[in-house]
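Each chain, written out:
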Amino acid sequence: MNMQNNFPNQRPFAHGNVQSEEVNVRPAGKPTSTHHSFSIMGRQHAEHATAEVDEKSSKFFGFLDGVITTCMALFFFGIPLFFTGLTFQGIAFEKQIFFYGVLLIALVAWTTKGVISGEMKIRRTPLDIPILIFVVTYALATFFSVDKWHSFWGFFGDPSRGLMSVIALVIAYYVIVSHYNLKRFVAMLWALAGANFLIVLWAVLQFMAVRIAAQSWGAYVPASMMGSLSSLGIFLGMMLPILVTLILHLKSENSRVAGKLSLAALAFLFITLLLNIFALLVLYSFVSWSGVLIGVSVFLIFILARIVRPANNWIWVPMAMFVSILAILMIGSNSISRVSLPVEISAAYSLSLDVAKESLKNSLLVGSGPATYGHAFSSFHPKEFNLESLYNLRFYQGTGLFFEAISTVGLLGTIAFLLLVLTFVGSGVYMLSINKSRNKLYSLGIFSAAIILVSNAFAGKIEGPILLVGLAVIALAMATLLTESESHERTLSLSLKASPQYALALAFVFMVVSAGVVFLFVFVGKAFIADLKAGSAVREKAVSETGSITKMAGAINWYNHEGRYFTRLGQEYLVLANNEALKDEKERNVNLIQNYLQSSIALSKQGRDMMPKDALAQETLAQSYENAGFYVPDSLTLSQEAYQKGLELEPHNAVYLMKIGQIKIAEGSAKNSEQDLKAGAGEAKEWFSKAINEKSNFAVAYYQLSFADEITGDKDGAIDAMEKALKYDNSNVSYVLNLARLHQTKGTEDDKKIAEILYKKVIEANDKDVNAHFSLGMLYEKMKNSAGATAEYKKLLELLPTSDKETRTQIQKMIDNVARGIENTPENIKSDAVVAPVVVPQESVAQDSLPLIQSGQ
C-alpha cells in the first residue's frame, strides 16, 4: 500500500537529459500491471542503442576531422614540394592542380560533416567583409574581361590569377580558420618546416653542384621547387620567423617535447634555419630584401618590446637571425654558387607603373580582366620599352600585385585588394598589441611570415606557387591571432535542422556538393592529363606526325579549352612544311607542303579565335600565313592583315611594322615586273620607316630599309641605312658584307677602297669566310688587281671541300679567266654554283623563327 500510495508523487523516470512519461499509475486497491517493468527495460535498450549510434557518429566525425587535417597539412607540406616536371605549362600549373585536388577532398569532408550533423559552422574573422567585397569586384572584372575564359580559369602557365583560383583560396581560407585549433596549428608549422628542409637541402646541393641523382633528372627536377629562384627566395625568407618561433616554443614552459626528442627537434630546426640563411646568401640577387627585412624586424621589435616574451636565455636566436640578414645585405652579390644560376627577367617597376597608368585611362573601373596582364602589357607598354635589348619579351604578370591589379581588375578591384591587405595588417598588429598578459609567440611568428609575403607582393613579382602557400599562411595567421588574443569567437551557423523539410534539405545539399565535386575532379583531372600529353609532345627531339603532333592532338582531345595548344600544334605543322620545303626538288612533295601549311593556318586561326586579345596568338597566325608564301593562295595578303590586327593589340610592335614592309616587297616581286617590284619597295620603305620610328635602334629595320632603297635605285640611301644597321649591331657580319657590297656596287674609287677595307675586316675576324673571300676577289677584278683576285680565288680552293668538285671546277675556271685577262661574269662562268654572298642578317633570322610559347607567361 505504501508503494502504491507513493506512486502519484514519484518523479518521472529520467536518464540524462531525456525524460520519460511512460509510468502507468493505477487506482488504489487494484493490482498493478507488469507493463511498467517492461517500459523501463525498453527505455534502457533504446538508450543503449542511441549510445552506440552516438559512438559510431563520433568515430565518423573523427575520421572526417582527420581527412580535413590531412588536407590542411598537404596545403603546407605538399604544395611547396609537389611537381612532376612532365607538363607543358610547368610547375606553377602543377601546384595549382594539386591545390584544387586537395581542396576538393577537404571540402567534401567538411561539407559531409556539416550535412550529417545538420549544422555547418564557419568561423567569422575580421577579413570577412573585405573578402566578400574583393570577390564581388573580381567577379565583376571577370564578367567584363577581354578574355572571359582565362579570367575565370587562369592564364596559360600560371592559373593563380583566375576567378576559380580566387574562389578556391577563399574556401581554403575558411576551411583552415574553421577547422583550427592550436594542436593542428603546431602540426601545420611542422609540415611547413619539413617541406622547407627538403626544398632548401635540394637547392643548396644544386647550388654547390653536388649530385645525388642521375644527371637526366635535371630536366625534371628544378633547383627551385617553388618554380623560380625569386619565389624560392620569398619562401625561404618567409620561413625564417616560423623556424625561430618553433625553436623558441621548444624552449618555452608550454612545450610538451622534452629529452632527446626535444634535442633532435632543435637540431633539425637549427640546421634548416642555417641552410635557409646560406641559400638566401647565394640567392642574393633574386631576393626582395625589403620584404624580408620588414618581416624579420616586426618579429624582433615585438620581442624586444616585451610584448611577446620568449625564454630569456633564448632571445639571442631572433637577434642572430636579424644580424644574419644584415650581414647578407652587407656582403651583397657573390659568386658562392658553383653553378651558373639562370637569369630571371621581370618587368621593371617603372615599366609596370607605366602600364598601370595607361590601363586606367583605357578601363578605369574594372581593368582588362583577371589573368589578362599579358594583354594589358602588350596594349599599354610605352614606346621607350622598344629601346631595351629584350624589347620583344611579353610579361604576363606585373611587378607587384598592386600595379597588376590596377591593370587587370581596375580601380574597384585595386581598392578592394588594398582594403583586404590593410585590414589584415591592421587586425594583426592590433591583436598582437592587446591583452599583453598573453604571450602570443605563435601569433607573432606566423604574422611576421605573412608580413614578408605581403611586403614582397608589393615589391616584386608574385608567382602562383608562393601565392598558394602564402595565402594559406595568412589564413593560419588570422586564426592564430584570433585564438591567442582571446578575441570573442563568432561563427556563422548554417543549420539544416531549422528547416521543416530537414531530410529533403540534407539530401539536396549532399547531392549538389557531390555532383559539383565529381564535375570539378573530372574537369581538373582532364586538364592535367592533357597538359601531361602536351608536355610529352614538346619534349620530342624532332617534330613528326606520329610523335609530337599526335601527342599534341591528343592533348587537345582531352582538353580543348586552351588556345595555346592549338597555336603550338599549328607551329608543329609549320615545321613539317619547312622541313619538306628544304628537300631536293626531286624529293619535295608540294601537295604535302600545302596540306601542312593549311593545317598550320587552320589550327593557328582556331587558337587565335579562342584568344582574340592575345598578341602572341595573333602573331602565330600571321607567321603561318607568311610562311605559306606562294603555296597557299592570298597568304601574303592574309599575313599582312593579320599583322595589322596584331598592331591593334600591340601598337608599338616594331617587328609587325617591319614584317608588313617585307610582305610589300614580296608581293611586288611575285608580279615578275621590275616596275611592280619598285612600287612594292616604295611602299615597304614607309613601313620600315614606321618601324624605325617605334624603335630607333632597330638594326634589322635599317637593313630592310637599305634593301628597299637599293631596289628603288637610291644607292646613297641604301648605304646610309646599312651603316645605321651596322651601328646598332656591329657584330653582325652580314651587315658588314652588305655594306661592302653596296659600296662596291656604287663603284667610285673611294667606294671600292671602303669595300676592300670592309671585306678585309671580315676576313681578319674569320679567315674561313668564303663569302668575304669570293666578294673580295670580285672587287679586285674591278680594281684591276689580278694578283689579289687570283690569291682570293686560290684561298677559296683551300677552303672548299674536295668533294665539291663542281664548285672547285668553276673557281679554277675563274682563276684561269683572270690569268687570260677575261672578266668573270655569270655568263662566261656558265654556272650558278658560285653565287653572290648569302647575307641574311642574324637578327632577322631570330625574328622570323617560330614564336616561343612562354611557359607561365
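Each remark here, short or long, concerns the structure printed above.
These figures come from a predicted structure and were not determined experimentally.

### Focus on the overall build of the protein chain
Each helix and strand counted, the protein chain has 33 helices and four strands in total. Across the 857 residues of the protein chain, 51% fall into the buried class. Element-wise, carbon and sulfur atoms account for 60% of the exposed surface of the protein chain, whose accessible area totals about 39,800 Å².

### Regarding the packing of aromatic side chains
With the rule as written, the count across this model stands at 39 aromatic pairs. Aromatic pair Trp149 and Trp153: ring centres 6.3 Å apart, planes at 5°, arrangement stacked. Taken together, the residues span about one helical turn, with Trp149 and Trp153 both in helix α5 (residues 148-153) at a distance of four residues. One aromatic cluster is present, built from ring pairs that chain together Phe75, Phe99, Tyr100, Trp149, Phe152, Trp153, Phe519, Phe523 and Tyr559.

### Observations concerning the pattern of salt bridges
Evaluated as defined, the whole model comprises 27 salt bridges. Its salt-bridge partner being Lys361, residue Glu358 comes within 3.1 Å of it at the nearest N-O pair. You can see Glu358 and its partner Lys361 sitting in helix α12 (residues 349-362), three residues apart, about one turn around the helix. Given a relative accessible area of 33%, Glu358 falls into the partly exposed group. Take Lys361: its relative accessible area is 66%, and that puts it in the exposed class. Two residues, Lys678 and Glu674, come together in a salt bridge whose shortest N-O distance is 3.6 Å. Residue Lys678 and its partner Glu674 are located together in helix α24 (residues 674-694), separated by four residues, close to a single helical turn. On the basis of relative accessibility, which here comes to 36%, the residue Lys678 falls in the partly exposed class. In the salt-bridge network here, residues are joined through shared partners; they are Arg394, Glu619 and Glu650.

### Quick word on the nonpolar core
Of all hydrophobic cores here, the largest spans 235 residues; its most connected members are Phe76, Phe99 and Phe235. Per-element accounting of this core gives the leading share, 15 residues, to helix α8 (residues 229-250). In contact with Phe99, other than residues within four places in its own chain, are Phe75, Ile79, Ala168, Leu169, Ala172 and Leu468. If you look at the next biggest cluster of nonpolar residues, it comprises nine residues, including Leu351, Val355, Phe377 and Phe380.

Cut-off values and rules
Within any chain, residue numbers begin from 1 and follow the written order of that chain's sequence. Confidence filtering applies because this is a predicted model: local features only for residues at pLDDT of at least 70, side-chain atom pairs given and counted only at 80 or more, and all residues used for totals across whole chains, interfaces and linings. Heavy atoms throughout the structure, all of them, feed into the side-chain values; hydrogens and water do not. A helix here means a DSSP run of H or I that spans at least four residues, while a strand means a run of E at least two residues long, and both kinds are numbered starting from the N terminus. Relative accessible area decides the class of each residue, using a 1.4 Å probe on protein chains only: under 20% of the type maximum gives buried, over 50% gives exposed, and in between gives partly exposed. All accessible-area figures derive from a Shrake-Rupley calculation using a 1.4 Å probe, and residue coverage is judged against the displayed protein chains alone. Note on aromatic pairs: the rings of Phe, Tyr and Trp (six-membered ring only in Trp) are paired at centre separations within 6.5 Å, and the planes decide the class, stacked below 30 degrees, edge-to-face beyond 60, tilted for the rest. Any Lys or Arg side-chain nitrogen found within 4 Å of a carboxyl oxygen on Asp or Glu counts as a salt bridge. Residues grouped as a nonpolar core are buried Ala, Val, Leu, Ile, Met, Phe, Trp, Tyr and Cys residues, joined through side-chain atoms within 4.5 Å. Working rule for contacts: check all heavy atoms of both residues, and any pair within 4.5 Å makes them a contact.

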